[in-house]
Protein chains: 2
Amino acid sequence: MAALSMLACFVAVLLCIRTSRTDTKEDEINPSQSTSATSQHRTDSLTILMLLGLLLLTILTVWLFKHRRFRFVHETGLSMIYGLIVGAIIRYTSKPMDVSRDYVRAKIISENHSYYTDNAPTALYVSFFARNSSADPTIRQYDLGAPVDEPITEPPLERTVTFDPEIFFNVMLPVIIFEAGYSMKRRHFFRNLGAILMYAVVGTTASCLVVGGILYGTTRLMHDITFSLNDCFYFGAVISATDPVTVLALFNDLHVDVDLYAIVFGESVLNDAVAIVLSESVEVYGELSSDSFNTEALFQSVGKFLGVFTGAFAIGSLFGLSTAFLTKFTKLKDFPLLETALFFLMSYASFQAAEAAEFTGIVAVLFCGVTQAHYTYNNLSAESKDRTKKLFELANFLAENFVFLYIGVSVFTLQPLQWHLGFILSSFLAIVVGRFINIYPLSFLLNLGRSNKIRPNFQHMMMFSGLRGAVAFALAIRNTETEAHQHMASATLMIVIVTVILCGGFTTPMLQWLQIRVGVEEDAPGQMNQLASVRNQQGGGENGQQPGSTPSEKAWLVAKWYNFDTIVMKPLLTNHRPTLIETLPKCCLPIAKIFTTEEQLTQGLGGPTDHDSDTDMIIDENQLSIGGMSDHSQLDQASVSPNHQTGRKEPLQFDDGDLGQFEADDKPLTP
Amino acid sequence: MAALSMLACFVAVLLCIRTSRTDTKEDEINPSQSTSATSQHRTDSLTILMLLGLLLLTILTVWLFKHRRFRFVHETGLSMIYGLIVGAIIRYTSKPMDVSRDYVRAKIISENHSYYTDNAPTALYVSFFARNSSADPTIRQYDLGAPVDEPITEPPLERTVTFDPEIFFNVMLPVIIFEAGYSMKRRHFFRNLGAILMYAVVGTTASCLVVGGILYGTTRLMHDITFSLNDCFYFGAVISATDPVTVLALFNDLHVDVDLYAIVFGESVLNDAVAIVLSESVEVYGELSSDSFNTEALFQSVGKFLGVFTGAFAIGSLFGLSTAFLTKFTKLKDFPLLETALFFLMSYASFQAAEAAEFTGIVAVLFCGVTQAHYTYNNLSAESKDRTKKLFELANFLAENFVFLYIGVSVFTLQPLQWHLGFILSSFLAIVVGRFINIYPLSFLLNLGRSNKIRPNFQHMMMFSGLRGAVAFALAIRNTETEAHQHMASATLMIVIVTVILCGGFTTPMLQWLQIRVGVEEDAPGQMNQLASVRNQQGGGENGQQPGSTPSEKAWLVAKWYNFDTIVMKPLLTNHRPTLIETLPKCCLPIAKIFTTEEQLTQGLGGPTDHDSDTDMIIDENQLSIGGMSDHSQLDQASVSPNHQTGRKEPLQFDDGDLGQFEADDKPLTP
């Protein structure tokens, strides 16, 4: 009922917009009464109001669905459907545009504000540049002509609803991606890191190449559109960013198997980063070579890929680590508001720093989120923990719904779109094949080295959860300069809408059909006992799964990192035991003392305060000893002296793995 | 130490900006390597990074000061000082601007995105309009000239740091003002409503006229600047918005007398709204009359003032009430995230709706905040209560510090400023006189009708806490079109800086000197007993104050409203007892039943769940019976039958006041 009344209200608002627009038209006939400045402001406000109204409507409908346990449409799908409806209304009720004069709205930022009234500048120098391209802009001079009496005709509403795509990249996406990193279920993520990296890096690149290749083939057959090889690969990169937000929300509701969840989630998060960097690399390649194969350009774009990825990773981690450092060594904890503000500003600063350094902010903010969750979170006061979690949860919810709403509206209002059925159909074909190549061969390869095999029904589910969402859309509309790019944008729009609605809606039946176990107890923070039992169940339970085992080479690297993390990073950056004094060799004692706070020393060993964060951490004792990394401890068992294993007092159970370089120096600590 | 190391980091960032700018210059010599598009993006990112760095620095210094209990500088003052320092660095290390060609950066929003590359539009129609004015824009046609080879010279950094003032009005200010309304200590506010309205509406208008008058006088003596009468009154309106954020923060820390707090707070919040609407009205007057007195224009501007104020009040309240209604009648409570999102969207929608309806969004959002706190807050789930409070607290903190930081930077980087010592000094004189007229005569008048007199030391403190802040600044820089406005902007900047630093720094000594009692126990939610004792203490305590008593006419109106609120609004819009079934006359029973939820019926009478919100509410029983409104009950005692007073079962103690029109119908309810 509430939703219905809300719908009525909303239609009223929409009518109001239309009426106000009619008013404006009438006002323009009598220009002394109204001004295009105020009417512009009014239309902007009404547009925002309309979007706010749609979001409110979505919220109420979502509530109604949740209330009635109706699971076939997820909130993002719903936002999109409402967006589609309103977009259609705007499009088909809009008055035909006055094509006699192109509408150009220029916002002049000038030193001399008195320009605003009388003395207009005698010439404007306008640089026209392609967005997101490093080609030189064309600079044109415009000379002042005669004053024009007639006011500039108002643009149709459909164009005022078109946002600057940069707002996605600078405001919405950082929020969504940071939240992904910050809320990541780290244990499962790190346990399946090998598989996730494989799917995200190798799989996405393969998918990009396959999609690009297929489309290059099919576009040769279509004579009415022209796509260069580079365009095809660019599209391959853009469309390879999967975003199974709908699927994951349902996985979360239904408590699907944690490993499946971790792999699908991890892949989708990392693969956004990979797709963004890939598309930039393809652009670099495109600028250097002109449609003919060019080895140098290829290497440069591969170099760019690696450079951007590493740079963004470094900056993101650095900001996360600095925050951990600041929160550990200042008593900012006493003022949770300041602490939260610091946390928020540092996280956003990582994005801007990466952008300023010409890496990718999105990738930086992802790794910053992971680092913040892994280290800083442990130092925060209880209030800040709660506040940061809730703040980002809300921001993420709003940003996500806004993006999907906007995707819906865009279908009808985004202007430079070219629709070509053949291209859209072949791109559908291409993404299915691309996804196939991504999942099945890689799963086969991974299963060779895993004792915890990725079973066929999991593989099918992963194939199914390759839907496309916000990132693909944002990448596609970022650059709609050429006709080929406009085709890409429309194909991406269709793919996003169809996959979100279809795959989102059929997740529950698909899970049943594939006989994937749901209702697996998620190990909630603090439920250590339950956790252990779940893990045992998982090990020898109905699925017959063995604990995850990645190839030995990767396990060795991961183990090295775990060790370093436990012995140096965690003691250095968090307020938890063990301290550096305990973990570092004796020779480093003076340094260790500097970086150990009093709070850390008085902290109980594994006391009740630890639980909340430690269950979230990868160096969780129960996990390491019972399930998770036992594969690795088996692998490296030979290199560990039993003496060492029992001699240590702290619950650093991970030390049953290899200690690598620390092993030799470490022994003196255990008398 | 941390703050020092942070400072070092910050200087490094600043140097990095300078270096990058040098790089950019070098790049421009070799244009094939770099592009102005990417370098522009980079400079933007670096600017944002610099501001983020300053905010971080402020946070750390604030922490250090709080940690060391150093109270002379408030965080906003600190932000401003840091802003000043960085502004000075930017200004005096900037390379002199290339004056041979005016820098105009135009952002073209066009339907046809292919404009970006080759086919530039043959003509641009640019409307130059004065911001915030309803005069017709001048439209100029610019014709496409020859392509220009040389890239447009990068603007000096000082201009990239200049933000669009609209961002204050559309993002920062709504947050600050909403938080003010939402966090308002309502009981004390409503108890002193008469005095607050007097100071805010009458006082601010008087101050505006006095300041305008004085400046009109002094500017006649200065022959090098020209100010019209209208300019003077516009400045009077702009500069009359007080913003004692520094003082209030200290009042809060020191637990100053609650009535003093309420009056200073209430005045400053409402007076921002009054000043905004006043300045708009003066503009309307200015457009209609041209410097000669014009009665019709005067009436129109008074009409505009009343219309805008009422309209904004209505829209703000309406959105607040709708939210209360939605949260009461849907079970949105079960999903706190949805609830918080709804709350947030409705609040922001009130701003945009008022803007769309051409009222003032700021005023709407203030009253929306008050309504949300008064009604909606009671319906929210515990989690949402917490989340909304913390969310707005954080947003407010960031917005406030950002604004003050920006005020500091603006002194050196805001470009169209005219500095005139005489004008600045006379404006200082004028605001002191204006504040004097606002406080002392009005306090004398108010004291005639109050039994709880506003004592001379309180008056002096109020005089002292008339500092100017964000709103005055934002109003002043919104329109810097004419030379007179540029003088106003610089004078406002100086006034803001001097008053925030001086008055902010001397609040503690001033409180001591004026012998104003500090350490008064704030009545925290749920501490009913303490509350009662404080109130008793206040009544006959050391201050010798009697409970607040406003003139009987106002008391009658306020009492009417209290009654209506208790009998209709609260039962209708919140989930608390009493229900409408209990408060409405029998004839309305069917309607009452519709608007009573099950939850409301099962709610205990004055049970523990009520406490949290009811202590915040004006209809708090203890308050009404012991202190607060007892003046009013004395006034109307004669009209109340003792029978009625004892016959009622619910703890509606306010009924010892007049029930007015409800009295007759009400009796049947008490058998």
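Residues numbered from 1 in each chain as written. Chains lettered and ligands numbered in written order. Predicted model: local features only at pLDDT ≥ 70, side-chain atom pairs only at ≥ 80, totals over all residues. Heavy atoms only, no water.

1. Points about the overall build of chain A
- Within chain A one finds 29 helices and 3 strands.
- Taking all contacts inside chain A whose residues are at least 6 apart in sequence as the whole, residues at least 24 apart take part in 79%.
- Total accessible area on chain A is roughly 25700 Å²; 63% of this is exposed by carbon and sulfur atoms. (Helix = DSSP H or I, 4+ residues; strand = E, 2+ residues; numbered from the N terminus. Contact = heavy atoms within 4.5 Å. Areas by Shrake-Rupley, 256 points an atom, 1.4 Å probe, with all protein chains shown as cover.)

2. Quick notes on the side chain of Thr371(A)
All names here are of chain A.
- Relative to the assigned elements, threonine 371 resides in helix 13 (residues 361–379).
- Taking relative accessible area as the criterion, threonine 371 reaches 8% and is therefore assigned buried.
- Of note is the side chain of threonine 371, whose polar atom sits 2.5 Å from the backbone oxygen of phenylalanine 367.
- Apart from the residues lying within four places of it in its own chain, the contact partners of threonine 371 are Gly316, Ser317, Gly320, Leu321 and Thr376. (Buried < 20%, exposed > 50% of the residue type's maximum accessible area, 1.4 Å probe, protein only. Polar contact = N/O pair within 3.5 Å; in protein donor to acceptor, adjacent residues only side chain to side chain.)

3. With respect to the pattern of salt bridges
- Tallied over the full model, the rule gives 12 salt bridges over all chains.
- Here Lys390(A) and Glu383(B) are joined by a salt bridge, their closest N and O atoms 3.9 Å apart. One end of the pair, Lys390(A), is in helix 14 (residues 382–413); the other, Glu383(B), is in helix 14 (residues 382–413), on a second chain.
- Relative accessible area serves as the criterion here: at 13%, Lys390(A) is assigned to the buried category. (Salt bridge = Lys/Arg side-chain N within 4 Å of Asp/Glu carboxyl O.)

4. Focus on the packing of aromatic side chains
- The final tally for this structure, using the stated rule, is 36 aromatic pairs over all chains.
- With 6.3 Å between their ring centres and 70 degrees between their planes, Phe309(A) and Phe367(A) make a pair best called edge-to-face. Residue Phe309(A) is found in helix 11 (residues 295–329), and its partner Phe367(A) is found in helix 13; the two are separated by 58 residues along the sequence.
- Residues Phe436(B) and Tyr440(B) carry aromatic rings whose centres are separated by 4.7 Å and whose planes lie at 45 degrees to one another, so their mutual orientation is tilted. On the criterion of helical spacing, the pair formed by Phe436(B) and Tyr440(B) is a turn pair, its members being 4 residues apart in helix 15 (residues 421–449).
- Look at Phe436(B) and you get partly exposed, because its relative accessible area is 44%.
- Tyr440(B) gets classed as buried once you look at its relative accessible area, which sits at 18%.
- Cluster of aromatic residues (ring-pair linked, three or more members): Phe178(A), Tyr182(A), Phe343(A), Phe344(A), Tyr377(A) and Phe392(A).
- Geometry around Tyr216(A) places Arg220(A) over its ring, the cationic atom sitting 4.0 Å from the centre.
- For Lys385(A), the ring lying beneath its charged end belongs to Tyr377(A), and the centroid distance is 5.4 Å. (Phe/Tyr/Trp six-rings, centres within 6.5 Å; stacked < 30°, edge-to-face > 60°. Lys NZ or Arg CZ within 6 Å of the ring centre and 35° of its normal.)

5. Observations regarding unusual backbone geometry
Residues and elements named next belong to chain A.
- In this model, glutamate 358 sits at a positive phi of 65 degrees, which is unusual for a non-glycine residue.
- When you line up the elements, glutamate 358 lands in the loop between helix 12 (336–356) and helix 13.
- Even without glycine at this site, glutamine 515 takes up a positive phi of about 55 degrees.

6. Overview of the packing of helix 8 (residues 229–239) of chain B against helix 18 (residues 483–505) of chain B
All names here are of chain B.
- Viewed as axis vectors pointing N to C, helix 8 and helix 18 meet at an angle of 30 degrees, and their least axial separation amounts to 11 Å. When the axes of helix 8 and helix 18 are compared, the pair comes out roughly parallel. Pair helix 8 / helix 18 crosses with right-handed handedness. Contacts from Asp231, Tyr234, Phe235, Val238 and Ile239 of helix 8 reach helix 18 at Ala484, His485, Met488, Ala491, Thr492 and Ile495.
- Of the residues in the contact of helix 8 with helix 18, the class split is 8 nonpolar, 2 polar and 1 charged. (Axes fitted to C-alpha atoms, helices over the stretch in contact; angles between N-to-C directions. Parallel < 35°, antiparallel > 145°, perpendicular 65-115°, else oblique. Left-handed = near helix turned anticlockwise from the far one by under 90°. Nonpolar A, V, L, I, M, F, W, Y, C, P; charged D, E, K, R; others polar.)

7. A look at the state of the cysteines
Residues and elements named next belong to chain A.
- Evaluation of the coordinates by the stated rule reveals 0 disulfides over all chains.
- For the unlinked cysteine cysteine 232, the closest cysteine sulfur is that of cysteine 208, found at 11 Å.
- Assessed through its relative accessible area of 0%, cysteine 232 is described here as buried. (Disulfide = S-S within 2.5 Å.)

8. Some details on a nonpolar patch on the surface
Residues and elements named next belong to chain A.
- Judged by side-chain polarity, Leu429, Val433, Phe436 and Ile437 come together as a nonpolar surface patch covering roughly 320 Å² of accessible area.
- Mapped onto the secondary structure, isoleucine 437 falls in helix 15 (residues 421–449).
- Accessibility expressed as a relative area gives 31% for isoleucine 437, which makes it partly exposed. (Patch = residues over 30% accessible without salt bridge, like charges linked within 9 Å, V, L, I, M, F, W, Y side chains within 5 Å.)

9. Describing helix 10 (residues 258–288) of chain B
Residue and element names in this part refer to chain B.
- Look at helix 10: 44 Å from first C-alpha to last across 31 residues, which is about the 45 Å you get at 1.5 Å a residue.
- Most of helix 10 sits inside the fold, with 28 of its 31 residues counted as buried.
- Measuring from the backbone nitrogen of aspartate 259 back to the side-chain oxygen at the start of helix 10 gives 2.9 Å, which picks out aspartate 257 as the cap. (Expected span 1.5 Å × (residues − 1).)

10. So, the environment of Lys560(A)
- The topology assignment puts Lys560(A) in helix 21 (residues 552–573).
- Sequence spacing of Lys560(A) and Leu248(A) is 312 residues, and the spatial spacing of their C-alpha atoms is 31 Å.

11. Regarding the nonpolar core
- Judged by nonpolar contacts, the single largest core of 308 residues is most densely connected at Phe251(A) and Phe251(B).
- Not counting chain neighbours up to four residues away, the residues in contact with Phe251(B) comprise Val256(B), Leu260(B), Tyr261(B), Val264(B), Met461(B), Thr507(B) and Leu511(B). (Core = buried A, V, L, I, M, F, W, Y, C linked by side-chain atoms within 4.5 Å.)

12. Here we look at the packing of helix 10 of chain B against helix 13 (residues 361–379) of chain B
All names here are of chain B.
- Running from N to C, helix 10 and helix 13 cross one another at 155 degrees; their axes reach a closest spacing of 9 Å. Judged on the interaxial angle alone, helix 13 and helix 10 are roughly antiparallel. Between helix 10 and helix 13 the crossing geometry is left-handed. Residues Val269, Leu270, Ala273, Ile276 and Val277 of helix 10 lie in contact with helix 13, whose contacting residues are Ile362, Val363, Leu366 and Phe367.

13. Thoughts on the confidence of the model for chain A
Residues and elements named next belong to chain A.
- Put simply, chain A has an average pLDDT of 70, and 64% of its residues get 70 or more.
- Across residues 96–117, where pLDDT falls below 50, the model places 72 contacts with residues more than four positions away in sequence or in other chains.
- The model gives residues 605–671 a pLDDT under 50, and that stretch makes 129 contacts with residues more than four places away or in other chains.
- Under the prediction, the complex receives an ipTM of 0.72, its pTM being 0.73. (pLDDT = per-residue confidence, 0-100.)

14. Quick notes on the environment of Asn575(A)
- Here Asn575(A) lies in the loop between helix 21 and helix 22 (580–583).
- Once the C-alpha coordinates of Asn575(A) and Lys328(A) are considered, the two residues, 247 residues apart in sequence, prove to be 6.3 Å apart.

15. Points about the side chain of Ser240(A)
Residues and elements named next belong to chain A.
- Among the secondary structure elements, serine 240 is positioned in the loop between helix 8 (229–239) and helix 9 (245–254).
- Engagement of the side chain of serine 240 in a polar contact is seen with the backbone nitrogen of cysteine 208, the distance being 3.5 Å.
- Residue contacts for serine 240: discarding those within four places in its chain leaves Thr204, Ser207, Cys208, Asn271, Ala275 and Arg468.

16. As for the environment of Gly266(A)
Residues and elements named next belong to chain A.
- For glycine 266, the location among the structural elements is in helix 10 (residues 258–288).
- According to the relative accessible area criterion, glycine 266 is buried, its value standing at 0%.
- Along the chain, glycine 266 and phenylalanine 233 lie 33 residues apart, while their C-alpha atoms are 24 Å from each other.
- For glycine 266, the residues in contact, after removing those within four places along its chain, are Phe189 and Ile196.

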